[in-house]
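Analysis of the macromolecular model
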Amino acid sequence: MAVNERNIKKEISQKLKDDVLRGALGRFGEAYPVSRAKAYENVEDIEALRDELKAMKVAAVADIEAIADRFEAEAARRGAKVFRAADGPALKKYLLDLCKDKGVKRVVKSKSMASEEIHLNHTLEEAGIHVKETDLGEWIIALAGHTPSHMVMPAIHLNRQQCAEYFSKELNEEIPPDIPFMVQTARKTLREEFLQADMGISGANFGIAENGAIGLVTNEGNARLVTTLPRVHVVIIGYEKLIPTVEDAIPILRSLPRSATAQLATSYVSMISGPTPTLVKQGGKWVEQDKELHIILFDNGRLKAAKDEKFKEIFQCVRCASCLNVCPVYQLVGGHVYGHIYAGGIGAILTAFFNSMGDFEKINELCIGCRKCTTVCPGRINIPGLIEELRVRGVKDHGLPFSLKLLFENVIANRRLFHSLLRTAAIGQKPVQSGRFIRHLPLFLAGMTEGRSLPAVADTPLRDRVRKITKKLASPAKKVAFFSGCNMDFVYPETGESVYKVLQDLNIAVVFPEEQSCCGKPVVGFGDVETTKRIAKRNIEAFEKAGVDYVIAACPSCTETLHVTYPEILADDPEWAERAKAFAAKVREFSQFVCGEYEQAGRLTKKPGATKVTFHDSCHMKRVLNIHEEPRKLLASTGACEVVEMKDCDKCCGMAGAFGIKYSELSAPILKQKIENIKDSGAQVVAVGCPACMMQIGGGLDKQAPDIKVRHVADILADQIKD
């Protein structure tokens, strides 16, 4: 389908109505983390194994041309013919010429994502060649006319009844939905294909430069038949699969099956180095004949990525798909919505290089930046970071859509105008406001309040309250400035007051630089770095004037932006680089800062409490700032809380900035599961450290479990402090 013809929202809607897909992905999503953990039980140090794999791949991509040269030379020395295909058309031409030259009429294939990347089967069939996929999942989706829904389990979106229907149609007989019977039927049917094939086409999990061998890691055994029975074997292998030595295959063999299918090892591991004799039927007799081995080294954008300082990281991918298995969006819609062969966050990045930036831009917002994938990727790829970089490059190339450009450059970057509009919204929302919530919206906006309420903008923002709540301390131990962020300033000013109360109770003087504005996270999230720089400079300037020891933020996303993003985006600015570094060095996340202060003051002792409280870890707080123990210690020290854990406490709540509004149909089911987990914990209160999560979970509880309350850690701490 052409890029511009796609209607992503419509495709999402269709997938959300697919009960078979939702059921299969839901069950798999539940089972995968447990199974993966069990598979890694006998690995002494998982993180060390991840480091080893990453280091090997980083070294390989740095020397990829030399490794490719050596692989070609060693493979040729052992009798293989190596062809380097720059792109899909070059690969197809080589293969069609080879088929013509060798009289190939029938082809069997084992799993090859690279061949799917260029729709090779279609090309071969157009040339009159009979092509048969032999991997069971690939065969099923070929019968169904589908593309893979998952890199490892291509037919995960189908149930056995659907598979039986496709089998029955293909074989012209009634096939019952009995899995062992269907597997046996497939085996019998495909066995004839192997025996009659003139050519076998396989992929490869790795190619070894040291000896010119390719490695195959499989479970079904079909790859061994594809690579041994036909008289011609063609291997299609991307440059990213090349490794220097046999020893370098070890971290792949230890990581790939555990991460992909939660197995200690796959059923078959094959190494093929050079052609071997094969039996060919001639004149009714089987005779031995020399086999031909052709290896196609496939580029199609890979070498461009290898030379890119940031995107060479994609060479660390071993195609295990563990990133898909933990992605909250993939678990809802499956792989087809991503539009091409590769799904999920890593799929979006590969699509940008193997297809086009236009294809990437259609799907890039399906990455919500929860960073769960970064905790399981065996190659330690920063998938959300690379997607953000592609967004930045997209904006540099062709700018933002007009409406976003107008919003970012003229509203969010203009503090006075932005805040004036928020004050106006506090008045304008009255017709739809009910207490602190907006529970219903009219017409096409109704979906935004389905399953959740939205928070109302406060009548009086925090900045109008600070003069009243600021205490004059006689001899403060420290002086800090509070960066409130938009949510705490205009939506949750009471929580901002709690932050003041907790800090001042520690004899810390708090100031509120009034020139502060949005941190710029929503702007940089869309790739607009230049506007974010303008915002950063104004915020840095505002806080420099305050002359404080620390800058405290009670929002993890704001903390990340101030502490990490500002120094990065201003690194090349001679005037601002050092100022950004000095500012970032002072930034502290609220709960981590207070936990340290409580510990020094001897106030962190665990005390039993009566109210059951469960803590929701925000994505940025846990996986970017690495803060998760501190808020729990603080809650346990209050003497008011019994801290209980909920299932998947660190799974995204579905807000993710603008995603929660723009893709409310995806945000709602993610939120629903979070609410169910909160209810199952038996907690009366869910504590959070992030105002955006507070907004999403609070809105969900208001509609789905109004007896349970959401509170920021600062509010719970402040409750225990006497005025």
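Below, the structure is looked at part by part. (Residues numbered from 1 in each chain as written. Predicted model: local features only at pLDDT ≥ 70, side-chain atom pairs only at ≥ 80, totals over all residues. Heavy atoms only, no water.)

Regarding its fold elements, the protein chain presents 34 helices and 23 strands. Against the compact-globule benchmark of 27 Å for 723 residues, the protein chain has a radius of gyration of 29 Å, which places it among compact chains. Structurally, the protein chain occupies a C-alpha span of about 105 × 60 × 50 Å along its principal axes. Burial status across the protein chain gives 56% buried among its 723 residues. Look at the contacts in the protein chain between residues 6 or more apart in sequence, and 77% of them connect residues 24 or more apart. Accessible surface, the protein chain as shown: approximately 30,900 Å² in total, 52% of it carbon and sulfur. In the protein chain, the 97 positive side-chain charges and the 91 negative ones have mean positions that sit 3 Å from each other. (Helix = DSSP H or I, 4+ residues; strand = E, 2+ residues; numbered from the N terminus. Rg over C-alpha atoms; globule rule 2.2 N^0.38 Å. Buried < 20%, exposed > 50% of the residue type's maximum accessible area, 1.4 Å probe, protein only. Contact = heavy atoms within 4.5 Å. Areas by Shrake-Rupley, 256 points an atom, 1.4 Å probe, with all protein chains shown as cover. Lys, Arg positive; Asp, Glu negative; His and termini not counted. Charge placed at Lys NZ, Arg CZ, Asp CG, Glu CD.)

Another point: the sheet that holds strand β3 (residues 130–133). Taken in spatial order, the 6 strands of this open sheet run β1-β12-β7-β4-β2-β3, and their pairing is parallel. Edge positions in the open sheet fall to β1 (81–85) and β3, since each of these has one partner strand only. The mean angle between the axes of side-by-side strands here comes to 20 degrees, regardless of whether they run parallel or antiparallel. Strand direction decides the pairing type here: strand β4 (residues 199–202) and strand β7 (residues 232–238), joined by 4 bridges, are parallel. Paired with isoleucine 201 across the bridge in β7 is valine 234. The sheet strands contacting helix α5 (residues 88–102) are β1, β4, β7 and β12 (292–298), and the helix crosses β12 at an angle near 170 degrees. (Pairing = 2+ DSSP bridges. Axes fitted to C-alpha atoms, helices over the stretch in contact; angles between N-to-C directions.)

Turning next to the nonpolar core. Residues Ile12, Leu242, Ile295, Val329, Leu366 and Leu666 are the most contacted members of the largest nonpolar core, which totals 76 residues. Looking at which element gives the most residues to this core, the answer is helix α16 (residues 344–354), with 7 residues. Ignoring any residue separated from it by four or fewer positions in sequence, one finds isoleucine 295 in contact with Phe71, Ala75, Ala80, Lys81, Val82, Phe83, Gly212, Ile214, Val235 and Ile237. (Core = buried A, V, L, I, M, F, W, Y, C linked by side-chain atoms within 4.5 Å.)

Another aspect to go through is the side chain of serine 453. Of note, serine 453 is situated in the loop between β14 (437–438) and β15 (454–455). Note on serine 453: relative accessible area 1%, which makes it buried. There is a polar contact of 2.6 Å between the side chain of serine 453 and the side chain of aspartate 702. (Polar contact = N/O pair within 3.5 Å; in protein donor to acceptor, adjacent residues only side chain to side chain.)

It is worth spelling out the pattern of salt bridges at this point. Charged atoms that come close allow side chains of opposite charge to pair. Evaluated as defined, the whole model comprises 52 salt bridges. Between glutamate 494 and arginine 436 there is a salt bridge, with the nearest N and O atoms lying 3.1 Å from each other. Here glutamate 494, found in helix α23 (residues 493–505), pairs with arginine 436, found in the loop between β13 (433–434) and β14; they are 58 residues apart in sequence, far enough to count as distant. A relative accessible area of 35% means that glutamate 494 is categorised as partly exposed. Relative accessible area serves as the criterion here: at 37%, arginine 436 is assigned to the partly exposed category. (Salt bridge = Lys/Arg side-chain N within 4 Å of Asp/Glu carboxyl O.)

Here the focus is unusual backbone geometry. One non-glycine residue with positive phi stands out, namely arginine 380, at about 55 degrees. With respect to the helices, strands and loops of the structure, arginine 380 is situated in the loop between α17 (357–363) and α18 (383–398). Among the residues examined, arginine 380 registers a relative accessible area of 24% and is labelled partly exposed. Of note in the backbone geometry, aspartate 648 takes a positive phi value of approximately 50 degrees without being a glycine. Positionally, aspartate 648 belongs in the loop between β21 (641–643) and α31 (659–662).

A few words now on the packing of helix α28 (residues 590–600) against helix α30 (residues 629–637). α30 packs onto α28 with a crossing angle of 50 degrees between their chain directions and a minimal axis gap of 9 Å. One element, α28, and the other, α30, form an angle in the oblique class. Crossing angle aside, the handedness with which α28 passes α30 is left-handed. Between α28 and α30, the residues in contact are Ser591, Gln592, Val594, Cys595 and Tyr598 and Glu630, Pro631, Lys633, Leu634 and Ser637, respectively. In terms of residue class, the contact of α28 with α30 is made up of 5 nonpolar, 3 polar and 2 charged. (Parallel < 35°, antiparallel > 145°, perpendicular 65-115°, else oblique. Left-handed = near helix turned anticlockwise from the far one by under 90°. Nonpolar A, V, L, I, M, F, W, Y, C, P; charged D, E, K, R; others polar.)

What follows covers the sheet that holds strand β5 (residues 206–208). Hydrogen bonds between backbone atoms are what pair the strands of a sheet, whose relative direction is either parallel or antiparallel. With mixed pairing, the 4 strands of this open sheet are ordered in space as β8-β5-β6-β9. A strand with exactly one partner marks an edge of an open sheet, and here the two such strands are β8 (242–243) and β9 (268–272). The sheet contact formed by strand β6 (residues 213–218) and β9 spans 5 bridges and is antiparallel. Directly across from threonine 218, in β9, lies its bridge partner tyrosine 268.

Right, let's get into the packing of α23 against α28. Between α23 and α28, the least distance of the axes is 11 Å, while the angle of their chain directions is 25 degrees. Looking at the two axes, α23 sits roughly parallel to α28. Considering the relative orientation of α23 and α28, their crossing is left-handed. Within the contact between the two elements, α23 uses Val499, Val502 and Leu503 and α28 uses Phe590, Phe593, Val594 and Tyr598. Along the lines of polarity and charge, the residues of the contact of α23 with α28 split into 7 nonpolar, no polar and no charged.

Turning next to helix α32 (residues 664–681). Between the first and last C-alpha of α32 there are 25 Å, a value that for 18 residues agrees with the 26 Å anticipated at 1.5 Å per step. Taken together, the buried residues of α32 touch α1 (8–16), α15 (330–333), β20 (611–615), α31, β22 (685–688) and α33 (691–704). Positive backbone phi, at 80 degrees, marks glycine 682, one or two positions downstream of α32. (Expected span 1.5 Å × (residues − 1).)

Another aspect to go through is the environment of glycine 103. Along the polypeptide, glycine 103 turns up in the loop between α5 and β2 (106–109). Judged by its relative accessible area of 36%, glycine 103 is partly exposed. Counting along the chain gives 96 residues from glycine 103 to methionine 199, while the straight-line C-alpha distance between them is 9.7 Å. Aside from chain neighbours lying at most four places away, what touches glycine 103 is Asp198 and Arg231.

Here we come to the packing of aromatic side chains. Using the criterion set out here, one finds 12 aromatic pairs in the structure. On the numbers, 5.2 Å between centres and 50 degrees between planes, the contact of phenylalanine 311 with phenylalanine 353 is tilted. Within this pair, whereas phenylalanine 311 is found in the loop between α13 (302–306) and α14 (322–325), its partner phenylalanine 353 is found in helix α16, the two being separated by 42 residues in sequence. Of the two residues examined, phenylalanine 311 and phenylalanine 353, each falls in the buried class. Their ring planes at 25 degrees and their centres at 6.0 Å tell us that tyrosine 566 and phenylalanine 583 sit as a pair that is stacked. In this pair, tyrosine 566 is assigned in helix α26 (residues 556–569) and phenylalanine 583 in helix α27 (residues 577–586), connecting sequence segments 17 residues apart. (Phe/Tyr/Trp six-rings, centres within 6.5 Å; stacked < 30°, edge-to-face > 60°.)

Further remarks concern α18. An ideal rise of 1.5 Å per residue puts 22 Å on 16 residues; α18 measures up with 23 Å between its terminal C-alpha atoms. Every buried residue of α18 is accounted for by Ile383, Pro384, Gly385, Leu386, Ile387, Glu389, Leu390, Arg391, Val392, Gly394 and Val395. Along its buried surface, α18 packs onto α14, α16, α17, α24 (521–525) and α25 (529–544). Between the side-chain oxygen at the start of α18 and the backbone nitrogen of glycine 385 there is a gap of 3.0 Å, and the oxygen is on asparagine 382. In the stretch just after α18, glycine 399 is the one whose phi turns positive, near 75 degrees.

Within the fold, asparagine 222 resides in helix α11 (residues 222–228). A polar atom in the side chain of asparagine 222 sits 2.9 Å from the side chain of threonine 134. Those residues within four positions of asparagine 222 in sequence are excluded, and the remaining contacts are Lys109, Ser110, Thr134, Asp135 and Phe194.

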